[in-house]
Amino acid sequence: MYDKIHIQVSIAVLVIDDFTDKIVTSSALRVAVSSGKKPVKKEGGFYVFTNLTDPVVQVTVNGPGYCLQVQSVDLGRLDLANPIVRIRVKPDRTYMLSEKDIRVWAFLPSGATLFLLDEEGGNYKRLWADYESGSGEISLYRSDTEELAEKICCIVDKDRQYEMLRLGVPKEREAGIYSLRQEPRFSYKKVDTKIYPVSSIGGESEEEYFLPLQGDGREEIDCTCILQQEEGITLTHVTLRRGRENRLDFRGNSKKEREEQ
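The structure displayed is predicted, hence computed values, not measured ones.

Novice: An account of the pairing of strand β21 (residues 245–249) is requested, with residue identities and associated values reported.
Specialist: Counting buried positions along β21 yields four of five residues, so the element is predominantly enclosed. Bridging between strand β9 (residues 103–108) and β21 involves five bridges; their strand directions are parallel. The residue of β21 that forms the bridge with R103 is E245.

Novice: So, unusual backbone geometry: which residues are in play, and what are the values?
Specialist: We note that D21 has phi near 60°; this positive angle belongs to a residue other than glycine. Tracing the chain through its elements places D21 in the loop between β1 (9–17) and β2 (22–23). D21 gets classed as buried once you look at its relative accessible area, which sits at 8%. Its identity is not glycine, yet D192 carries a phi of approximately 65°, on the positive side. Considering the arrangement of structural elements, one finds D192 in the loop between β15 (177–182) and β16 (194–197).

Novice: I'd like a rundown of the nonpolar core, residues and numbers included.
Specialist: In this structure, I11, V13, V31 and V59 are the most contacted members of the largest nonpolar core, which totals 26 residues. A per-element tally of this core places β1 first, with four residues. Discounting residues that sit within four places of it in the chain, V59 has contacts with I11, V13, V31, A32, V33, Q69, V70, Q71, V73 and I87. Core analysis: the second largest hydrophobic core is formed by 19 residues, L108, L116, L213 and C225 among them.

Novice: I'd love a proper account of the sheet that holds strand β19 (residues 220–229), names of residues and values included.
Specialist: If you trace the four strands from one edge of the open sheet to the other, you get β17-β10-β19-β20, paired in antiparallel fashion. A strand with exactly one partner marks an edge of an open sheet, and here the two such strands are β17 (199–202) and β20 (232–241). Averaged over all adjacent pairs, the angle separating strand axes in this sheet is 20°, with direction ignored. Two strands pair when backbone bridges link them, and strand β10 (residues 113–117) and β19 are joined in this way by five bridges, in the antiparallel orientation. The residue of β19 that forms the bridge with L114 is L227.

Novice: Can you break down the packing of aromatic side chains residue by residue, with the values?
Specialist: For the structure on display, the rule yields five aromatic pairs. An angle of 50° between the planes, with centres 5.0 Å apart, marks the rings of W105 and F210 as tilted. Of the two residues, W105 is situated in strand β9 and F210 in strand β18 (residues 207–210); the sequence distance between them amounts to 105 residues. For W105, a relative accessible area of 8% translates into the label buried. Aromatic side chains W128 and Y141 sit 4.7 Å apart centroid to centroid with 80° between the ring planes, which places their arrangement in the edge-to-face category. Within this pair, whereas W128 is found in the loop between β11 (125–127) and β12 (137–141), its partner Y141 is found in strand β12, the two being separated by 13 residues in sequence. Assessed through its relative accessible area of 32%, Y141 is described here as partly exposed.

Novice: I'd love a proper account of the confidence of the model for the protein, names of residues and values included.
Specialist: Low-confidence regions, as indicated by low pLDDT, have predicted coordinates that should not be scrutinised in detail. Confidence in the prediction for the protein averages 89 pLDDT; 94% of positions are at 70 or higher. Considering only residues more than four positions removed or in separate chains, one finds that residues 253–261, a stretch of pLDDT under 50, has 25 contacts.

Novice: Describe the environment of V156, and please don't skip the residues or the numbers.
Specialist: Inspection of the secondary structure assignment puts V156 in strand β13 (residues 152–156). Since its relative accessible area comes to 2%, V156 is described here as buried. Considering only alpha carbons, one finds V156 and Y131, 25 residues apart in sequence, at a separation of 12 Å. Setting aside its immediate chain neighbours within four residues, V156 contacts L117, E119, Q161, Y162, D192, T193, K194 and Y196.

Novice: A description of the pairing of β20 should follow, citing residues and the corresponding values.
Specialist: Relative to β20, β19 is paired through 10 bridges, and the arrangement is antiparallel. Looking at β20, one finds that T224 is bridged to H237. As consecutive antiparallel partners, β19 and β20 are separated by two residues.

Criteria and thresholds
Residues numbered from 1 in each chain as written. Predicted model: local features only at pLDDT ≥ 70, side-chain atom pairs only at ≥ 80, totals over all residues. Heavy atoms only, no water. Buried < 20%, exposed > 50% of the residue type's maximum accessible area, 1.4 Å probe, protein only. Helix = DSSP H or I, 4+ residues; strand = E, 2+ residues; numbered from the N terminus. Pairing = 2+ DSSP bridges. Core = buried A, V, L, I, M, F, W, Y, C linked by side-chain atoms within 4.5 Å. Contact = heavy atoms within 4.5 Å. Axes fitted to C-alpha atoms, helices over the stretch in contact; angles between N-to-C directions. Phe/Tyr/Trp six-rings, centres within 6.5 Å; stacked < 30°, edge-to-face > 60°. pLDDT = per-residue confidence, 0-100.

Here it is as structure tokens:
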């Protein structure tokens, strides 16, 4: 008799640029798993790893212009009929931006996460249908052309209520239906509710982080900053300027903004 039964699983890793919400297809990208197996790159940007036997694997993604990303994947919780692992990578300070985009540097306290939200721009989604708290999924209007899986967003209603949510995998892409990794606490009506994809950064250490923001050619952007810490959330507003190194400091009890020409 066998003491153990080894189950072999294959996964397809899809790497998404968190700034553009597009699939990364660069040949300089490196995708690896902890078992040491080599991937087979397939059409559409998939990195396929076959015959994995460890119950949990670490997937590492690295490449020019991006921060190192390591994600733990529990193979036992994958949908074996569609074993796609979507990993978002964030830009590092060498990332190539266009002249329209905004460069932001932020000093953050240890353990804090900063979300940047451009409410004046047109980069937002609307609800296809009312969202009921606890439903586990959300339906977004005209979201079928972007890779929004695992994206962090901010949902804002007519009463200026802000809540963070994290999209999961697309359940019905054409209908804009996504599962939710992080659900809003409240219900929302589709009228006068907007869902903004946000730029976010954070880490365990107190240091300066690079965080670009998509621009549309405006010289100035009045941006909403949501700072999330263990003790709660702080909401502030700043003006960011194109063509400058916008620097924000969230250390201490007060936020200081400074700019460099």
